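Structural characterization, general
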Amino acid sequence: MYRKKKCLIAKGYYWLNTRPMKTNWTTANIPSQVGRRAVITGANSGIGFEAALELARKGAELILPARTQAKADDAAVRIREHVPNAELHPEILDLAVQASVHAFANRVIEQFPGQSLDLLINNAGVMALPKREITTDGFERQFATNYLGPFALTALLLPSIKAKPGSRVVTLSSAASHQGKIEFDNLQSERVYKPMFQAYAQSKLADLIFAQELQRRLTAVGSPIISTAAHPGYAVTNLQADHVGAGLTLLMAVMKPFLSQDAAHGALPTLFAAVAAEAIPGGYYGPDGVAELNGHPTAVRLAKGAMDPAVARQLWSESERLTNVKFGALSDLD
C-alpha cells in the first residue's frame, strides 16, 4: 500500500497516497462474505465475473445484472459450476438506458426491501467505441454507460445499503483517467469525439471524481458507508475486444505478452476495494506493477483532474440534472 499522509481537502480529512509499499494481497485474503448481499454490474464477463465468482466462493449472496436475461443466467450457471450452492439472482440492466436503471433498482428494492445490501460494485462499462453513438436518452454511449448509469444506480440503491461499517460502494475507473478532462461544454462529446483519450478517458475520470465526491458527502453526514474506487490495469477481457479501433488493437497486441494480466488478476483491485479491511474511505486501488498495468492490488494515485472539489460539485449537480435523480440528503450539501 501507499504510506499515508493526512491532508485537509475541502473541509474534510482525506488520505493522500505518497510512497508505495508492496503487498501480495490475493483472493486468499478475502474474509468470509456469509450473510452479505452484493450487487455487481457487468458480472457476466471479464473482471466483473471473476469478482462475483470469488465473492460467491466466500459465501456472498449476489445480484447479477447483465444487459440480457440470457447473459445473466449464463453467468449464474458458470458460477454454480464452481460454487454449486451459490445464492444468485440473475437480473437485467442496461446502464446506457436510464429507464432500465430505474426498473432494475425498483426490482431490487421490491425483492429486498429496507436496508438490505452490503455492497454495490459499479463495474460494467464500454471502451473506445470507434464512432460516437447516442443512447435513447440522448447521451453519448460511453458517458452514459460508464458514468451516468452508475451515478443514477448508486443514487437509487444508496438507501438500500446498510448503514453500518463494512458497507461499501465501489466504482471502477481506469488508468486512462489520467488522460481525461471534464469538459462541461462537451460532456456528450458533441463538439469533439475521440474514442479513447477523450470520450472514454472523460467517462472514467468522471467515475473517479464521483467516487471521491460520494465519500466527501457520506463523511459530511456521518455515514459509515464508504466509497472506494479501483482500476484493473491491463486485464485481458472482452472490454478491449469489442469495438476497439485498429491502432489501439495493435498497441494492445504489442503490450499483451509483457504487461497484461488475466481477468482473474484484474479483478483483485476491485475485490480489495470491496472487502479488504485495509481499504480506506475514498481509497483508490490498482495493480502495483509497471505503470499499474499488472500485479497485486495497492493504493494508486488519483488523476490530477479528480482532486478538485469544485469540479466534483459541478459534475454532481450536472449529473443529477441529466439523470433527473437525486441523492436525497447528500444532494442538500451543495
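Every chain's residues receive numbers from 1 upward, in the order its sequence appears when written. Selection of residues for local features in this predicted model requires a pLDDT of at least 70, selection of side-chain atom pairs for listing and counting requires 80 or more, and totals for whole chains, interfaces and linings are taken over all residues. With hydrogens and water excluded, all non-hydrogen atoms of the structure serve as input to the side-chain values.

Some details on helix α2 (residues 69-82)
- Taking 1.5 Å per residue, 14 residues should reach 20 Å; α2 reaches 21 Å between its end C-alpha atoms and fits that length.
- For α2, the full list of buried residues reads Ala72, Ala75, Ala76 and Ile79. Taken end-on, α2 shows its buried residues confined to a sector of 100°, consistent with a single buried face. Exposed residues lying more than 90 degrees from the buried face of α2 are Ala70 and Glu81.
- Where the residues of α2 are buried, they touch α1 (46-57), β4 (61-66) and β5 (88-92). Put simply, DSSP H or I for four residues or longer makes a helix, DSSP E for two residues or longer makes a strand, and each gets a number counted from the N terminus. Each helix should span, by expectation, one fewer than its residue count multiplied by 1.5 Å. Throughout, exposure labels follow a simple rule: accessible area from a 1.4 Å probe, protein chains only, divided by the maximum for the residue type, with under 20% read as buried, over 50% as exposed, and the rest as partly exposed. The directions considered for the arc run from the helix axis to the C-beta atoms. Whether two residues are in contact is decided by their heavy atoms: any pair within 4.5 Å suffices.

Quick word on the confidence of the model for the protein
- Mean pLDDT over the protein stands at 90; residues scoring 70 or higher make up 86%.
- When the criterion is pLDDT under 50, residues 1-20 qualifies, and its contacts beyond four places in sequence or with other chains add up to 56 contacts.
- Each residue carries a pLDDT score, the predictor's confidence in it, ranging from 0 to 100. This stretch, residues 250-258, has a pLDDT under 50; its non-local contacts, to residues over four places away or in other chains, come to 10 contacts.

What to know about helix α3 (residues 98-111)
- Over its 14 residues, α3 extends 20 Å from the first C-alpha to the last, a length consistent with the 20 Å expected when each residue adds 1.5 Å.
- Considered for burial, the residues of α3 that qualify are Gln98, Ser100, Val101, Phe104, Ala105 and Val108. All buried residues of α3 fall inside an arc of 160° around its axis, so they share one side. α3 presents Ala99 and Glu110 as exposed residues on the side facing more than 90 degrees away from its buried surface.
- Looking at the buried positions of α3, the neighbouring elements they touch are β3 (37-40), β4, β5, α4 (141-157) and α10 (309-323).

So, the side chain of glutamate 292
- Note that glutamate 292 resides in the loop between β9 (284-287) and β10 (297-299).
- Counted as positive: Lys and Arg. Counted as negative: Asp and Glu, with His and the chain ends omitted from the count. Here, a salt bridge means any side-chain nitrogen of Lys or Arg that lies within 4 Å of a carboxyl oxygen of Asp or Glu. Despite being buried, glutamate 292 has no salt bridge partner; arginine 301 is the closest side chain of opposite charge, sitting 6.0 Å away.
- Two N or O atoms form a polar contact when they lie within 3.5 Å of each other; inside protein one atom must be a possible hydrogen donor and the other a possible acceptor, and for residues adjacent in sequence the pair counts only when both atoms belong to side chains. Reaching out from glutamate 292, the side chain makes a polar contact with the side chain of histidine 231 at a distance of 2.9 Å.

Examining the environment of lysine 204
- Inspection of the secondary structure assignment puts lysine 204 in helix α5 (residues 195-220).
- Remark: the alpha-carbon pair of lysine 204 and alanine 176, spanning 28 residues in sequence, is separated by 7.1 Å.
- Leaving out residues up to four positions away in the same chain, lysine 204 has contacts with Asn146, Leu172, Ser173, Ser174 and Ser177.
- Polar side-chain contacts of lysine 204 include one of 3.2 Å to the side chain of aspartate 207.

Regarding the pairing of strand β6 (residues 119-122)
- By the alternation rule, side chains of β6 split into Leu119 and Ile121 and Leu120 and Asn122, which are all buried.
- Strand pairing is assigned whenever DSSP detects at least two bridges linking the two strands. Sheet topology note: the β3/β6 ladder contains three bridges and is parallel. Paired with valine 39 across the two strands is leucine 120, which belongs to β6.
- The pairing of β6 with strand β7 (residues 168-172) spans four bridges and is parallel. The residue of β7 that forms the bridge with leucine 119 is arginine 168.

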